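Next come the chains, spelled out residue by residue.
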Amino acid sequence: MRSYRRLDRVRRDESNDTLLFTCSQEPGNSPVLWIGHEGMYINISATYGPLEIALRPRLRDLKTGLAQLRPTERLSVMRMVGTGQANIELGLSQEGELLFRPTLVSDATGHLAINLVLTPEARQQLFTWLGIAQDA
């Protein structure tokens, strides 16, 4: 059974054009998601304690994947952005929560992932920052 950590705080650094997502409930030992623009790519760093998964998918692919998400009754993976070895699994709940699961896959024997959920407010800030139109 997967355990998800909810990220509900967002801080934008205008000078570096980055977003930092954190959790208000576990300030000392919580996951952190950092996202930044780099030309036609997007830098993503998901950390939980000393563990980090760093990905660099194409910005266009991430924006398309997020824009095409449709809500489902429960959080489940609906889109994958990246490659077969390094990707972000995305899903959207009917409540507006965004499943954001950075994953590294070795082969059929295993994978490493950080299970994150952005609250509706955090998801909205991400969509606005990326310039993704949202349905009303």
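These lines cover the structure that appears in this document, whether it is placed above or below.

Scoring rules and cut-offs
Residues numbered from 1 in each chain as written. Predicted model: local features only at pLDDT ≥ 70, side-chain atom pairs only at ≥ 80, totals over all residues. Heavy atoms only, no water. Core = buried A, V, L, I, M, F, W, Y, C linked by side-chain atoms within 4.5 Å. Buried < 20%, exposed > 50% of the residue type's maximum accessible area, 1.4 Å probe, protein only. Helix = DSSP H or I, 4+ residues; strand = E, 2+ residues; numbered from the N terminus. Contact = heavy atoms within 4.5 Å. Phe/Tyr/Trp six-rings, centres within 6.5 Å; stacked < 30°, edge-to-face > 60°. Lys NZ or Arg CZ within 6 Å of the ring centre and 35° of its normal. Pairing = 2+ DSSP bridges. Axes fitted to C-alpha atoms, helices over the stretch in contact; angles between N-to-C directions.

## Things to note about the nonpolar core
Counting residues in each nonpolar core, the largest one holds 30 residues, and the members touching the most others are L33, L66 and L126. Ranked by the residues each element gives to this core, the list is headed by helix α2 (residues 120–130), at five residues. In this structure L66 touches L90, L98, L126, F127, L130 and I132, once residues within four positions along its chain are discounted.

## Things to note about the packing of aromatic side chains
The full count for this structure, using the stated rule, is zero aromatic pairs. Directly above the ring of F127 sits R123, whose terminal nitrogen or CZ lies 5.2 Å from the centroid.

## Overview of the sheet that holds strand β3 (residues 18–22)
One open sheet accounts for five strands, arranged β2-β3-β4-β5-β6; its pairing is antiparallel. Looking at strand neighbours, the two that pair on one side only are β2 (9–13) and β6 (51–55), the edges of this open sheet. Neighbour-to-neighbour, the strand axes of this sheet turn through a mean angle of 15°, independent of strand direction. As defined by bridge partners, β3 adjoins strand β4 (residues 32–38) across four bridges and the pair is classed as antiparallel.

Bear in mind that shape data such as this cannot, by itself, settle questions of function.
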